[in-house]
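Single-letter residue listing:
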Amino acid sequence: MTSPAPTTEAPTTAAQPLTVGFIGLGNMGSGMTRNLQAAGFPLVVNDIRRESAEALLADGASWADTPAEVAAASDVVITMLPTPRHVDAVVNGPTGILAGIADGGTWIDMSTSVPEVANQVREATAARGLHILDAPVSGMSVGAANGMLQIFVGGDAADVARLRPVLEAMGDPERILHVGGHGAGYAVKLMINQLWFSHLVATAEVLSIGVKAGVDLGVLRESIIASPANSNFVQNDVLSILDHGDYDEGFAIALACKDLGLSIDLARSVGVPAELSGLVEQIYRRARAQYGDRAGEMTPVKLYEDLIGTELRLGPDQSSAA
């Protein structure tokens, strides 16, 4: 007998759909909330910019003036915020989530963050029976918009199973992974980011050296793809630059530097040297200083292009479109 296919229909509590509170309607949160709404979840939203909620409100979402009001009106609260500092500010204080959430309530932090903030909340609210998950995502703003994010969930298995329909409204059901206990989601996401940024810097360096040595860019890339040194970055991700000159401004380099700093902090906290990642972080910070906070996360490639005086672009007959 075949198992039923996963569904993204809103689960119900007492015959009513779960109400989802969502705080943080930026590049990622805007797409995630649209997909939650499309899946039938009533939404209560909050952001520092009310205008970011206009489309959601027009389609039936409710606005709350504070995180406490979001929590009081919701069955589950989701945060999608830029830094651990923002998460801490939204959760704590007289107008924070903890001031409004009911005992036994649920909070899912989908920000790229560190375990400390959620750990402090669990310790401070141990008597209240809160259900807390860390569930950071990969897939960039495109994945958020089309509901195909990869989600790495840390927390109790029973909570992950109960909230899976909510997660499936935002992510690819096949790539929603329960990666361990509390904090494991944060750690997995930071390690993925750290490795991806390292792939980017290494690829930029190799392609620049090869081109400067007189090798055709397309031939060099195809040779790497055919070799044991191939990677998903070389085969797919770098094409946004090589085909279109797109350095992915949908994710600012300031946030990439933040993520790299968090991964270095995590390495330090567990006593593992991270010399290579530290060098990658320095290169990212140099690109940020040179091109500005809002430059795309792939802008370190431009550092190398400027050094060799040549943009790394495939010819018309070599591009992925061709």
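Going by the structure above, here's the rest.
Not measured: the values here are computed from a predicted model.

### So, the overall build of the protein chain
Step number 1: Secondary structure summary: the protein chain contains 15 helices and 11 strands in total.
Step number 2: The C-alpha atoms of the protein chain give 21 Å as radius of gyration, which agrees with the globular expectation for 322 residues (20 Å, within 12%).
Step number 3: The principal-axis extents of the C-alpha atoms in the protein chain amount to approximately 70 × 45 × 45 Å.
Step number 4: Across the 322 residues in the protein chain, those meeting the buried criterion constitute 52%.
Step number 5: For the protein chain, contacts bridging at least 24 residues in sequence account for 68% of all contacts bridging at least 6.
Step number 6: Looking at the protein chain as shown, the accessible area adds up to about 14800 Å², and 55% of this sits on carbon and sulfur atoms.

### Some details on the pattern of salt bridges
Step number 1: Following the criterion strictly, the structure yields 14 salt bridges and no others.
Step number 2: In this structure, the salt-bridge partner of Glu168 is Arg164, at a minimum N-O distance of 2.9 Å. Taken together, the residues span about one helical turn, with Glu168 and Arg164 both in helix α8 (residues 157-168) at a distance of 4 residues.
Step number 3: When the shortest N-O distance is used, the salt bridge between Asp259 and Lys258 registers 2.7 Å.

### As for the packing of helix α9 (residues 184-212) against helix α10 (residues 217-225)
Step number 1: Where α9 contacts α10, the axes come no closer than 9 Å and their chain directions differ by 130°. In terms of orientation, α9 lies oblique with respect to α10. Of the two possible hands of crossing, α9 and α10 adopt the one that is right-handed. Here Val206, Leu207, Gly210 and Val211 of α9 lie close against α10, whose contacting residues are Leu217, Leu220 and Ile224.
Step number 2: Considering only residue class, the contact of α9 with α10 consists of 6 nonpolar, 1 polar and no charged.

### Focus on the packing of aromatic side chains
Step number 1: The final tally for this structure, using the stated rule, is 3 aromatic pairs.
Step number 2: A centroid spacing of 5.7 Å and a plane angle of 75° characterise the contact between Trp196 and Phe197, whose relative ring orientation is edge-to-face.
Step number 3: Aromatic pair Trp196 and Phe233: ring centres 5.3 Å apart, planes at 75°, arrangement edge-to-face. Remark: Phe233 occurs in helix α11 (residues 232-237) and Trp196 occurs in helix α9; sequence separation between them is 37 residues.

### Structural notes on α10
Step number 1: Within the span of α10, buried status applies to Leu217, Gly218, Leu220, Arg221, Ile224 and Ile225. What you see down the axis of α10 is that its buried residues fit within an arc of 165°, all on one side.
Step number 2: On its buried face, α10 is in contact with α9, α11 and α12 (239-244).

### Describing the nonpolar core
Step number 1: By size, the foremost hydrophobic cluster in this structure holds 34 residues, and its most contacted members are Leu200, Tyr284 and Leu312.
Step number 2: At the level of secondary structure, the elements contributing two or more residues to this core comprise α9, α10, α11, α12, α13 (253-269), α14 (275-291) and α15 (300-308).
Step number 3: The leading source of residues in this core is α9, at 7 residues.
Step number 4: Residues Met32, Leu133, Ala144 and Ala169 belong to the second largest nonpolar core, which totals 33 residues.

### A short note on the environment of Lys258
Step number 1: Structurally, Lys258 is set in helix α13.
Step number 2: Of the residues examined, Lys258 reaches a relative accessible area of 16% and is grouped as buried.
Step number 3: Lys258 sits 146 residues away from Thr112 along the chain, and the two C-alpha atoms are 9.4 Å apart.
Step number 4: Each residue touching Lys258, except ones within four places of it in the same chain, is listed here: Pro82, Thr83, Pro84 and Thr112.
Step number 5: Polar contacts involving the side chain of Lys258 include one to the side chain of Asp259, which spans 2.7 Å.

### Let's talk about the packing of α9 against α13
A packed helix pair is summarised by two numbers, namely the angle formed by the two axes and the spacing between the axes.
Step number 1: Remark: α9 packs on α13, axes separated minimally by 9 Å, with the N-to-C direction vectors making an angle of 115°. Crossing geometry of α9 relative to α13 is assigned as left-handed. On α13, the residues that touch Ala187, Leu190, Met191, Asn193, Gln194 and Phe197 of α9 are Ala256, Asp259, Leu260, Leu262, Ser263 and Leu266.
Step number 2: Broken down by class, the residue content of the contact of α9 with α13 amounts to 8 nonpolar, 3 polar and 1 charged.

### Examining unusual backbone geometry
Negative phi characterises most residues that are not glycine, and trans characterises most peptide bonds.
Step number 1: With a phi close to 60°, Met140 is a non-glycine residue in the positive phi region.
Step number 2: Among the structural elements, Met140 can be located in helix α7 (residues 140-146).
Step number 3: In this structure Met140 comes out as partly exposed when scored by relative accessible area, which is 40%.
Step number 4: Phi is positive for Asp248, close to 60°, though the residue is something other than glycine.
Step number 5: Its location among the elements puts Asp248 in the loop between α12 and α13.

What counts, and at which threshold
- Residues numbered from 1 in each chain as written.
- Predicted model: local features only at pLDDT ≥ 70, side-chain atom pairs only at ≥ 80, totals over all residues.
- Heavy atoms only, no water.
- Helix = DSSP H or I, 4+ residues; strand = E, 2+ residues; numbered from the N terminus.
- Rg over C-alpha atoms; globule rule 2.2 N^0.38 Å.
- Buried < 20%, exposed > 50% of the residue type's maximum accessible area, 1.4 Å probe, protein only.
- Contact = heavy atoms within 4.5 Å.
- Areas by Shrake-Rupley, 256 points an atom, 1.4 Å probe, with all protein chains shown as cover.
- Salt bridge = Lys/Arg side-chain N within 4 Å of Asp/Glu carboxyl O.
- Axes fitted to C-alpha atoms, helices over the stretch in contact; angles between N-to-C directions.
- Parallel < 35°, antiparallel > 145°, perpendicular 65-115°, else oblique.
- Left-handed = near helix turned anticlockwise from the far one by under 90°.
- Nonpolar A, V, L, I, M, F, W, Y, C, P; charged D, E, K, R; others polar.
- Phe/Tyr/Trp six-rings, centres within 6.5 Å; stacked < 30°, edge-to-face > 60°.
- Arc of directions from axis to C-beta.
- Core = buried A, V, L, I, M, F, W, Y, C linked by side-chain atoms within 4.5 Å.
- Polar contact = N/O pair within 3.5 Å; in protein donor to acceptor, adjacent residues only side chain to side chain.

The analysis is restricted to geometry; functional conclusions fall outside its scope.
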